[in-house]
Amino acid sequence: MEWVSNILQEITQCKQIRDLEALRLKVFGKKGLLTSEFSALKNIADDEKKQLAKELNKVKQNIESLLTTKKNELEEFEFNQKIESQKIDVSLFNSVLSPTYGHPINITFDRIIDYFVGMNFSLKYGPLVEDDFHSFEALNLPKFHPARDMQDTFYFNDGMLLRPHTSPVQIRTMEEEKLPIRIISPGAVFRRDYDMTHSPMFHQVEGLVVDNSKEINFANLKYILEDFLTYMFGDIKVRFRSSFFPFTEPSAEVDISCIFCNGLGCRVCSNTGWLEVLGCGVVDDNVFKAVGLKDVSGYAFGLGVERFAMLLYGVNDLRSFFETDLRLLEQF
Ligand code: PHE
């Protein structure tokens, strides 16, 4: 069986896993060298057969063990080669400045905040992990109130929750601060939702103005939101649509004329000519009661930052904001 030493040599010199597999088949395949030797046994006399079979089994073991050793060796080599080729030198200095200067959500946040800071609002932040009182109860959403279904909330086992909107900050501000109150509150919020226009984590900006003056009324709210939306979107029409929120009365949803078709009707505005961008209203008296305020008036509003960013930058899948894909980010 001279082929044996040839094969052993070929295996030893083999450089690729693919070739190694070919060699294995050459020996052990259906018409392989060793397979043929084994099937030839049946034509051999019994006394010789035993001896030859023993030898063949030994050959078989030798080749198999060499194949295994070689395979491990080649796999390790290929693995190291792959690592080497994908190596990143983190110490390399990149002299080409990246054109990126911010995430679209941050840029949108900044624009919104700039407007309201210019209008003498201050910034107020609240916790992401909230309790039931600040998220619902004090906002005139008592337990079993059907409006609680409006928010699909993430709960912890101890009854705490991930805030489903920034409105709890309204309550915290009224508890903690003296009048007059004039704040916006930017931050992350969480809901059980995931599709083209919803993500389980997104961002809102809440606004709250409270004072013991009759000057704080719906007309104020209407003025400032119209001015704000013009600042954000340019030459657009704004309309207030009567709506419902448990914590405001009266409540409104605010639409702008579609910035993609100028109000003529297109796919983005579902042919209505309008895009909904805000929720707002005059603070409900029950909310003031919950924080122990009397003889005051106020207005509040809330908006989704991703929604604004999608409209401003023509991004049609909200999820792409959170994929950290440089090809998207480099456009900003
Ligand atoms: N919290 C409301 C929401 O998440 C928005 C809102 C805020 C509406 C303040 C009215 C007043 O949809």
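Heads up: the structure comes first, above all this text.
Remember, predicted model here, so these are calculated numbers, not experimental data. (Residues numbered from 1 in each chain as written. Predicted model: local features only at pLDDT ≥ 70, side-chain atom pairs only at ≥ 80, totals over all residues. Heavy atoms only, no water.)

Visitor: Which parts of the structure should I look at to understand the overall build of the chain?
Guide: For the chain, the helix and strand inventory stands at 11 helices and 10 strands. Against the globule reference of 20 Å for 332 residues, the chain gives a C-alpha radius of gyration of 35 Å, more extended than a compact globule. Principal axes of the C-alpha set define a box for the chain whose edges measure 115 × 50 × 45 Å. Counting every position in the chain, which comprises 332 residues, the buried fraction comes to 42%. The contacts in the chain between residues at least 6 apart in sequence include a share of 66% that link residues at least 24 apart. About 19600 Å² of surface is accessible on the chain, with carbon and sulfur atoms providing 53% of the total. Between the mean site of the 37 positive side-chain charges and the mean site of the 48 negative ones, the chain shows a separation of 6 Å. (Helix = DSSP H or I, 4+ residues; strand = E, 2+ residues; numbered from the N terminus. Rg over C-alpha atoms; globule rule 2.2 N^0.38 Å. Buried < 20%, exposed > 50% of the residue type's maximum accessible area, 1.4 Å probe, protein only. Contact = heavy atoms within 4.5 Å. Areas by Shrake-Rupley, 256 points an atom, 1.4 Å probe, with all protein chains shown as cover. Lys, Arg positive; Asp, Glu negative; His and termini not counted. Charge placed at Lys NZ, Arg CZ, Asp CG, Glu CD.)

Visitor: Looking at this model, I keep getting lost on the site of the ligand. Mind explaining?
Guide: Inspection of the region around the ligand gives 14 residues, with His165, Ser167, Arg191, Gln204 and Glu206 positioned closest. Here a nitrogen atom of the ligand and a side-chain polar atom of Ser167 are 2.9 Å apart. Between the ligand and Gln204 there is a distance of 3.1 Å, counted from an oxygen atom to a side-chain nitrogen or oxygen. Its free accessible area being 330 Å², the ligand has 91% of it covered by the protein chains. Put simply, the parts of the chain that give the shell around the ligand at least two residues each are β6 (201–211), β9 (274–283) and β10 (297–304). (Near = heavy atom within 4 Å. Polar contact = N/O pair within 3.5 Å; in protein donor to acceptor, adjacent residues only side chain to side chain.)

Visitor: How do you make sense of the side chain of Asn140 when you look at a structure like this?
Guide: When you line up the elements, Asn140 lands in the loop between α6 (132–135) and β3 (154–155). Within the structure, Asn140 has its side chain in polar contact with the side chain of Asn286 (distance 3.2 Å). When residues no more than four places from it in sequence are discounted, the contact partners of Asn140 are His145, Pro246, Phe247, Asp284, Asn286 and Val287.

Visitor: Please clarify how the nonpolar core should be interpreted in this entry.
Guide: One recurring pattern in soluble globular proteins: nonpolar side chains tend to sit buried together. Leu225, Phe228, Leu229 and Phe301 are the most contacted members of the largest nonpolar core, which totals 42 residues. Elements supplying a minimum of two residues to this core: α5 (104–118), β6, α8 (218–233), β8 (248–257), β9, β10 and α10 (305–313). Tallying contributions element by element places α8 first for this core, with 7 residues. Those residues in contact with Phe228 that lie beyond four places of it in its chain are Ile112, Tyr115, Phe116, Leu303 and Phe308. (Core = buried A, V, L, I, M, F, W, Y, C linked by side-chain atoms within 4.5 Å.)

Visitor: Mind showing me how you'd approach the packing of aromatic side chains here?
Guide: Tallied over the entire structure, the rule returns 12 aromatic pairs. On the numbers, 5.4 Å between centres and 50 degrees between planes, the contact of Tyr115 with Phe228 is tilted. Here Tyr115 is found in helix α5, whereas its partner Phe228 is found in helix α8, with 113 residues between them in sequence. Clustering of aromatic rings is evident, with ring pairs tying together Tyr115, Phe116, Phe121, Phe228, Tyr231, Phe233, Phe301 and Phe308. (Phe/Tyr/Trp six-rings, centres within 6.5 Å; stacked < 30°, edge-to-face > 60°.)

Visitor: How do you make sense of the sheet that holds β9 when you look at a structure like this?
Guide: Pairing between the strands of a sheet is mediated by backbone hydrogen bonds and can be parallel or antiparallel. With respect to topology, 7 strands assemble into an open sheet ordered β1-β5-β6-β10-β9-β8-β7, the strand pairing being mixed. The two strands at the open ends of the sheet, each matched to only one other strand, are β1 (122–123) and β7 (238–245). Here strand β5 (residues 181–190) runs beside β6; their pairing, made up of 10 bridges, is antiparallel. Each bridged residue has a counterpart across the sheet, and for Val189 the counterpart in β6 is Phe202. (Pairing = 2+ DSSP bridges.)

Visitor: I'm lost on α10 in this one. Help?
Guide: Every α-helix carries 3.6 residues per turn, so stepping three or four residues along brings you back to the same face. Residues Val305, Glu306, Phe308, Ala309, Met310 and Leu311 constitute the buried set of α10. After α10 finishes, the residue Gly314 shows a positive phi value of roughly 60 degrees.

Visitor: Would you mind showing me how to read the packing of helix α2 (residues 17–28) against helix α4 (residues 46–85) here?
Guide: Think of two packed helices as two axes; the pair is described by the angle between the axes and how far apart they sit. In contact at an axis separation of 10 Å, α2 and α4 are set at 170 degrees when each is read in the N-to-C sense. With respect to α4, the axis of α2 lies roughly antiparallel. Facing Ile17, Leu20, Arg24, Val27 and Phe28 of α2, the residues of α4 in contact are Lys60, Ile63, Glu64, Leu67, Lys70, Lys71, Leu74, Glu75 and Glu78. Broken down by class, the residue content of the contact of α2 with α4 amounts to 7 nonpolar, no polar and 7 charged. (Axes fitted to C-alpha atoms, helices over the stretch in contact; angles between N-to-C directions. Parallel < 35°, antiparallel > 145°, perpendicular 65-115°, else oblique. Nonpolar A, V, L, I, M, F, W, Y, C, P; charged D, E, K, R; others polar.)

Visitor: I'm lost on a nonpolar patch on the surface in this one. Help?
Guide: On the surface, Val117, Leu123 and Tyr125 cluster together into a nonpolar patch covering about 300 Å² of accessible area. Take Tyr125: it is sitting in the loop between β1 and β2 (129–130). Look at Tyr125 and you get exposed, because its relative accessible area is 55%. (Patch = residues over 30% accessible without salt bridge, like charges linked within 9 Å, V, L, I, M, F, W, Y side chains within 5 Å. Salt bridge = Lys/Arg side-chain N within 4 Å of Asp/Glu carboxyl O.)

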